[in-house]
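Working through the structure, step by step
Chain residues, written in single-letter form:
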Amino acid sequence: MSYPSPTRVAWCLLMLRLGVGIVFVMWTVDKFINPEHAAAVFAKFYNVQSLTTGLAYVVGGVQMLVVLAFLTGTLRTYSYAVILILHAISTFSSYKQYFDPWTYPHLLFFAAIPMLAACVTLWLLRDYDLFSVDGQRRKSHEAIVG
């Protein structure tokens, strides 16, 4: 049995990271463009009833820093873990929608499951994500030391 080359694996991980990252960028930008929507989501799914516009901006700012680290593959162990945890919370907090899939727009919530699988995959294979800041840093270090 032959195994895929490290470069092929790295391309797959890059595509997963960019795909997940695009979703998180949109969710983050939504906190700035439409903080009322963010407040409604926090109230409905996370039982946070008092997300003000200012707090939505703070949450969005912190989230954007994490998303940028994730997108660039910086501090992979931590940024990938935070994205995984955030998406797991988001996925599991929507459990009622999974029990009633035929009510619009509940069927769309099922897209969170393969995205969660992508987040788990990225975290588990983070050391093989060569097309990342950390991957390039490691490659440079190995070239110097090796």
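Just so it is clear, the model here is predicted, and its values are computed rather than measured.

Calculation criteria
Residues numbered from 1 in each chain as written. Predicted model: local features only at pLDDT ≥ 70, side-chain atom pairs only at ≥ 80, totals over all residues. Heavy atoms only, no water. Axes fitted to C-alpha atoms, helices over the stretch in contact; angles between N-to-C directions. Helix = DSSP H or I, 4+ residues; strand = E, 2+ residues; numbered from the N terminus. Contact = heavy atoms within 4.5 Å. Phe/Tyr/Trp six-rings, centres within 6.5 Å; stacked < 30°, edge-to-face > 60°. Buried < 20%, exposed > 50% of the residue type's maximum accessible area, 1.4 Å probe, protein only. Lys NZ or Arg CZ within 6 Å of the ring centre and 35° of its normal.

Considering the packing of helix 1 (residues 6-33) against helix 2 (residues 35-46)
- Two elements in contact, helix 1 and helix 2, have axes whose closest approach is 5 Å; the angle formed by their N-to-C orientations is 115°. Counted together, Asp30, Lys31, Phe32 and Ile33 of helix 1 and Pro35, His37, Ala38 and Phe42 of helix 2 form the full contact between these two elements.

Some points on unusual backbone geometry
- For the bond running from tyrosine 104 to proline 105, omega is 0°, close enough to zero to count as cis.
- Here proline 105 shows up in the loop between helix 5 (95-99) and helix 6 (112-124).
- Backbone geometry places asparagine 47, a non-glycine residue, at a positive phi of 60°.
- Structurally, asparagine 47 can be placed in the loop between helix 2 and helix 3 (53-72).
- Although it is not a glycine, leucine 75 adopts a positive phi angle of roughly 50°.
- The residue leucine 75 is located in the loop between helix 3 and helix 4 (76-93) in this model.

Some points on the packing of aromatic side chains
- Enumeration over the complete set of coordinates arrives at eight aromatic pairs.
- Aromatic side chains phenylalanine 24 and tryptophan 27 sit 5.1 Å apart centroid to centroid with 70° between the ring planes, which places their arrangement in the edge-to-face category. Here tryptophan 27 and phenylalanine 24 lie together in helix 1, a separation of three residues that amounts to about one turn.
- For phenylalanine 24, a relative accessible area of 2% gives the class buried.
- Residue tryptophan 27 is classed as partly exposed on the basis of its relative accessible area of 35%.
- Ring geometry for phenylalanine 32 against tyrosine 57: centres 5.8 Å apart, planes inclined by 10°, an arrangement best described as stacked. Of the two residues, phenylalanine 32 sits in helix 1 while tyrosine 57 sits in helix 3, which places them 25 residues apart along the sequence.
- Overall, tyrosine 57 belongs to the partly exposed group, its relative accessible area being 37%.
- Over the ring of tryptophan 123 we find arginine 126, and its NZ or CZ is 3.9 Å from the ring centre.

So, the environment of valine 41
- Among the secondary structure elements, valine 41 is positioned in helix 2.
- The exposure class of valine 41 is partly exposed, given its relative accessible area of 24%.
- Placed 28 residues apart in sequence, valine 41 and alanine 69 show a C-alpha to C-alpha distance of 24 Å.

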